[in-house]
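Chains, contacts and geometry: an overview
Letter by letter, the chains look like this.
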Amino acid sequence: MAIVYERSKGLTNAETHYCPGCTHGIAHKLVAESLVELGVLDKAVGVAPVGCSVLAYNYFNCDMQEAAHGRAPAVATGIKRVRPDNIVFSYQGDGDLASIGTAEIVHAAHRSENITVIFINNAIYGMTGGQMAPTTLLGQKTTTSQNGRQLEGQGAPIRIAELLSQVPGAKSVERVSLHNTQNIRKAKQAILKAFKNQIDGKGFSIVECLSTCPTNWGKSPVDAMKWLEENMIPYYPLGVFRTPEEEI
Amino acid sequence: MAKGKVTFNVDRCKGCELCAAACPKKIIKMNKTKINAKGYHPPFIEEIEECIACGMCATICPDSVITVEKL
Amino acid sequence: MAKVLMKGNEAIGEAAMRAGLDAFFGYPITPQSELPEYLSREMPARGKVFVQAESEVAAINMIYGAAGAGARVMTSSSSPGIALKQEGITYIAGSELPCVICSVGRSGPGLGGIQPGQADYYQATKGGGNGDYHLLVYAPANIQEMCDMIMEAFDKADYYRNPVMILADGMIGQMMEPVEFKELKKEREVPAWATTGTEGKRAPNIINSLYLNPEDLEEHNIHLTKKYDEMKEKEEQWEEYNLENAEVICIAYGTTSRIVKNAIETLKDEGINVGLIRPKTLWPFPEKAFKEYPKTAKAILVVEMSTGQMITDVRAFNEGRLPVYFYGRSGGMIPTPEAVVAELRKIIEGGK
């Protein structure tokens, strides 16, 4: 009787508050499984900034710090600098990383802090009830772009992976998706690799995970996965944007 | 002969149906006759002998409700 | 230990390192930039952490992370930079993390000027961030006292698990005075609550200030208030100067108090007795110093490099017993001893 799949020890026993079908739950599993498989769960310290996933400090089975909105990369910098042997990760949403926290993420990458950033891009603010995020797609309706996002005045959505891949210190930059099991498995490999980079001291790693927000997109979880595939992936192409070996 | 054993931690399920959509053999259905502790219809499998123990359902489940074992 | 002639800003850095500083996170801003400059050289040389952050906001959040991970940490800035740090500071107080924050005050508001100022009294003592919290705030009047206060501040921060502020001003930061550094009393242990990794031996530690359940948050507020009550009881510090049979009591802190002492000496030569109460802690404000005035006291004169902030607390603790007057300069202008003497004469001669 071999186990094909079971709940990861990297997660606490807490039941999450996430909405039905929210891919935060999937991303949490991948991070937890990666920490366990790499044998570093006991040395891990996670940073959970404001957003739907702030309560991740109750869900990851390792030391955690809650952080102010957008400041997780700075908090993670502080932890890693005084505890270089710990494995430090920040788990951030798109409102957090791509809006209020852009300076922090760019400069953590610029200094090539040896941390791992898990960036959940679901093109909307979830916790506060569905407002437009910097990653909201053109034409996408949200509570603050009720006629659909307009280029004029609201700008085009930010492509974080491409943006950070221009920063020399960003040693590993990859964008993956969580919309089906095949992509979830690829995402797992990317997250494993990002943590391995940290273990090997290679510097700043980030994995951008395209994700769904069924409740605020107003779609069923299954339809939301389809919407992601048909609308987000064309604008946010999947792939590896930087590897530690490439110098720029 | 079923290749896999699938157990659902029924009361942790939020009825999102992602497992049903992900199952390549289409054998996972939502049990309309039952309501779990959270008030959702939990998933169940009728034709377990069709199960190939691929684990796709467990992989996509956001709440780690499903455990899959290879027989 | 020999005395060393040192610039205030650099002395802050040396005192902090003598106190076992593990990490400094800062950002350039006049008039305190010599501090990060000094530490950028000395900290790495002593195997410690120095990071020049991308902003004061990032710096205070690095402090949050490193303090939460169990390190002894300090940051520094000046007035507008301290304004940027306020959210981080209330998070640090809410999450009960120890750290030392140096504010080398300059004139405001807004970009203001780079000359010395004391118009950050409210910012420091009334809390610039959200929610019910306080910082333990020290106000040094000279470089030796500042260094001694820094050593003490780290221990108080650990004891109360709360941020502690050293509120100096541009003059103390920029001038040079002889100073002697005391040795670290005892090695600091990493706190058990810190995020150092469970090592499979304990449940996860969580550093957090979010309490979605109001009952829990109220309980947390009550717990924090007990700490602040303890600070009020135990940490009030002040200096009394020439108070016996003083006709007027001056209230002044930091460099301004030294100017007031000059004025007091001038009037003493003319047989006029004026005293000074110098708060060394601005929070908790030295309430006990106001218990009993000398019988001879007829009035209080508050002197501050501002348009009047500490005066509100003086009035509160004076409870209407004596008339309270104010004299101050702002914008970076420094009050002169002569001007203070003139103000005192007006009060004494009843011209007021």
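Residues numbered from 1 in each chain as written. Chains lettered and ligands numbered in written order. Predicted model: local features only at pLDDT ≥ 70, side-chain atom pairs only at ≥ 80, totals over all residues. Heavy atoms only, no water.

Once that is clear, we can look at the overall build of chain B. Along chain B, the regular secondary structure elements total two helices and four strands. Counted from the first residue to the last, chain B has its helices and strands arranged as β-α-β-β-α-β. Projected onto its principal axes, the C-alpha positions of chain B cover 35 × 20 × 20 Å. The burial tally for chain B puts 51% of its 71 residues in the buried class. In chain B, once contacts between residues fewer than 6 apart in sequence are set aside, the share between residues at least 24 apart is 63%. A total accessible area of about 3,400 Å² is found for chain B, and carbon and sulfur atoms account for 56% of it. Separation of charge centres in chain B, based on 11 positive and 8 negative side chains, amounts to 4 Å. (Helix = DSSP H or I, 4+ residues; strand = E, 2+ residues; numbered from the N terminus. Buried < 20%, exposed > 50% of the residue type's maximum accessible area, 1.4 Å probe, protein only. Contact = heavy atoms within 4.5 Å. Areas by Shrake-Rupley, 256 points an atom, 1.4 Å probe, with all protein chains shown as cover. Lys, Arg positive; Asp, Glu negative; His and termini not counted. Charge placed at Lys NZ, Arg CZ, Asp CG, Glu CD.)

Now for the pairing of strand S14 (residues 299–304) of chain C. Each regular strand carries side chains that alternate between the two faces of the sheet. Residue and element names in this part refer to chain C. When you tally the buried positions in S14, you get six out of six residues, the bulk of the element. With four bridges joining them, strand S11 (residues 248–251) and S14 adopt parallel strand pairing. Across the sheet, the residue bridging to Ile251 is Val302, located in S14. Of the strand pairs in this sheet, S14 and strand S15 (residues 324–328) are connected by five bridges, and their pairing is parallel. Residue Ile300 lies in a different strand from S15, and its bridge partner there is Val324. Once the chain exits S14 it traverses helix H11 (residues 310–318) before rejoining the sheet at S15, and the crossover so formed is right-handed. (Pairing = 2+ DSSP bridges. Right-handed = clockwise from strand over helix to strand, strands pointing away.)

Let us look at the arrangement of the chains. Of all two pairs of chains in contact, the one with the most contacts involves chains A and C. What separates chain B from chain C at the closest point of their C-alpha atoms is a distance of 20 Å, and the two make no contact.

Residues and elements named next belong to chain B. Residues Glu46, Glu47, Glu49 and Glu50 make up a contiguous surface patch of negative charge. Tracing the backbone through its elements, the reader meets Glu50 in the loop between strand S3 (43–45) and helix H2 (56–60). Judged by its relative accessible area of 38%, Glu50 falls in the partly exposed class. (Patch = residues over 30% accessible without salt bridge, like charges linked within 9 Å, V, L, I, M, F, W, Y side chains within 5 Å. Salt bridge = Lys/Arg side-chain N within 4 Å of Asp/Glu carboxyl O.)

Turning next to the interface of chain A and chain C. Counting residues at the interface gives 32 residues for chain A and 37 residues for chain C. Approximately 2,500 Å² of surface area, both sides summed, lies buried where chain A meets chain C, with 58% of it carried by carbon and sulfur atoms. Counting the surface chain A buries against chain C, the share from its top three residues, Asp63(A), Glu66(A) and Arg83(A), is 22%. Counting across the interface, chain A meets chain C through two salt bridges. Between Glu54(C) and Arg111(A) there is a salt bridge, with its nearest N and O atoms 2.8 Å apart. The interface formed by chain A and chain C holds 17 residue pairs in polar contact (both at pLDDT 80 or more) in total. Elements with a contribution of two residues or more to the side of chain A that touches chain C: strand S2 (44–49), strand S3 (63–67), helix H2 (72–82) and helix H4 (102–110) of chain A. Here the side of chain A that touches chain C gets seven residues from one element, more than from any other, and that element is H2(A). The sheet contact formed by S3(A) and strand S9 (residues 206–207) of chain C spans two bridges and is parallel. (Buried area = accessible area lost by both parts, 1.4 Å probe. Polar contact = N/O pair within 3.5 Å; in protein donor to acceptor, adjacent residues only side chain to side chain.)

What follows concerns the packing of aromatic side chains. For the structure shown, the criterion picks out 15 aromatic pairs over all chains. On the basis of an interplanar angle of 40° and a centroid distance of 6.1 Å, the ring pair of Tyr121(C) and Tyr253(C) is categorised as tilted. Taken as a pair, Tyr121(C) in helix H6 (residues 121–125) and Tyr253(C) in the loop between S11 and helix H10 (254–269) lie far apart in primary sequence, 132 residues in all. Taken together, Phe60(A), Phe89(A), Tyr91(A) and Phe195(A) form an aromatic cluster joined through their ring pairs. In this arrangement the basic side chain of Lys261(C) is found over the ring face of Tyr241(C), its NZ or CZ atom lying 4.9 Å from the centre. Directly above the ring of Tyr293(C) sits Arg321(C), whose terminal nitrogen or CZ lies 4.3 Å from the centroid. (Phe/Tyr/Trp six-rings, centres within 6.5 Å; stacked < 30°, edge-to-face > 60°. Lys NZ or Arg CZ within 6 Å of the ring centre and 35° of its normal.)

To continue, consider the pairing of S11(C). Residue and element names in this part refer to chain C. Where burial is concerned, the two faces of S11 agree: the one with Val248 and Cys250 and the one with Ile249 and Ile251 are both buried. The pairing of S11 with strand S12 (residues 274–279) spans four bridges and is classified as parallel. When the bridges of S12 are listed, Ile251 appears paired with Ile277. The handedness of the S11 to S12 crossover, carried by H10, is right-handed.

Before going further, it helps to spend a moment on the interface of chain A and chain B. Listed per partner, the contact involves 29 residues of chain A and 28 residues of chain B. For the pair chain A and chain B, the summed buried surface comes to about 2,300 Å²; carbon and sulfur atoms form 58% of the total. Measuring nitrogen to oxygen at the nearest pair gives 2.3 Å for the salt bridge that ties Glu15(A) to Lys38(B). For the side of chain A that touches chain B, the secondary structure elements donating two or more residues are strand S1 (2–5), helix H1 (24–37), helix H7 (181–199) and helix H9 (221–235) of chain A. Residue classes in the side of chain A that touches chain B are distributed as 16 nonpolar, eight polar and five charged. (Nonpolar A, V, L, I, M, F, W, Y, C, P; charged D, E, K, R; others polar.)

This part covers the pattern of salt bridges. The full count for this structure, using the stated rule, is 43 salt bridges over all chains. Arg175(A) is the partner of Glu208(A) in a salt bridge, and the nearest nitrogen-oxygen pair spans 3.2 Å. Of this pair, Glu208(A) sits in strand S7 (residues 204–210) while Arg175(A) sits in strand S6 (residues 170–177), and the two are 33 residues apart along the sequence. Across the pair, exposure class does not vary: Glu208(A) and Arg175(A) are buried alike. Residue Glu14(C) is joined to Arg18(C) by a salt bridge in which the shortest nitrogen-to-oxygen separation is 2.8 Å. Residue Glu14(C) and its partner Arg18(C) are both found in helix H1 (residues 8–18); the two are separated by four residues, about one turn of the helix. Accessibility expressed as a relative area gives 23% for Arg18(C), which makes it partly exposed. Ionic contacts of the salt-bridge type, sharing partners, join the residues Glu14(C), Arg18(C), Arg41(C), Glu42(C), Arg46(C) and Glu183(C) into one network.

Looking now at empty space enclosed by the protein. Inspection of the entire model under this criterion finds five cavities of 30 Å³ or more. Empty space within the largest cavity amounts to approximately 130 Å³. Along the wall of the largest cavity there are 16 residues; nearest its centre are Arg7(A), Ala14(A), Thr16(A), Arg12(B) and Asp63(B). (1 Å grid on protein atoms, 1.4 Å probe; cavity = no way out; pocket = protein on both sides within 12 Å on 5 of 7 lines; lining within 4 Å. Points joined across faces, edges and corners; volume = space filled by probe spheres on them.)

On to the sheet that holds strand S4 (residues 66–70) of chain B. Strands sit in the order S1(A)-S4(B)-S1(B) across an open sheet of three strands; the sheet is antiparallel. Here the strands that pair on one side only, and so sit at the sheet edges, are S1 of chain A together with strand S1 (4–8) of chain B. Averaged over neighbouring strand pairs, the angle between their axes works out to 30° when direction is ignored. As judged from the three bridges shared by S1(A) and S4(B), these two strands associate in the antiparallel manner. Following the sheet pairing, Tyr5(A) is matched in S4(B) by Val68(B). (Axes fitted to C-alpha atoms, helices over the stretch in contact; angles between N-to-C directions.)

It is worth spelling out the sheet that holds strand S13 (residues 281–283) of chain C at this point. Residue and element names in this part refer to chain C. Strand order in the open sheet formed by seven strands is S3-S2-S4-S5-S7-S6-S13, and the pairing between neighbours is mixed. Pairing within the sheet leaves two strands with one partner each, and these edge strands are strand S3 (49–52) and S13. Across this sheet, the average inter-strand angle for adjacent strands is 20°, counted without regard to direction. Pairing between strand S6 (residues 136–138) and strand S7 (residues 163–169): three bridges, direction parallel.

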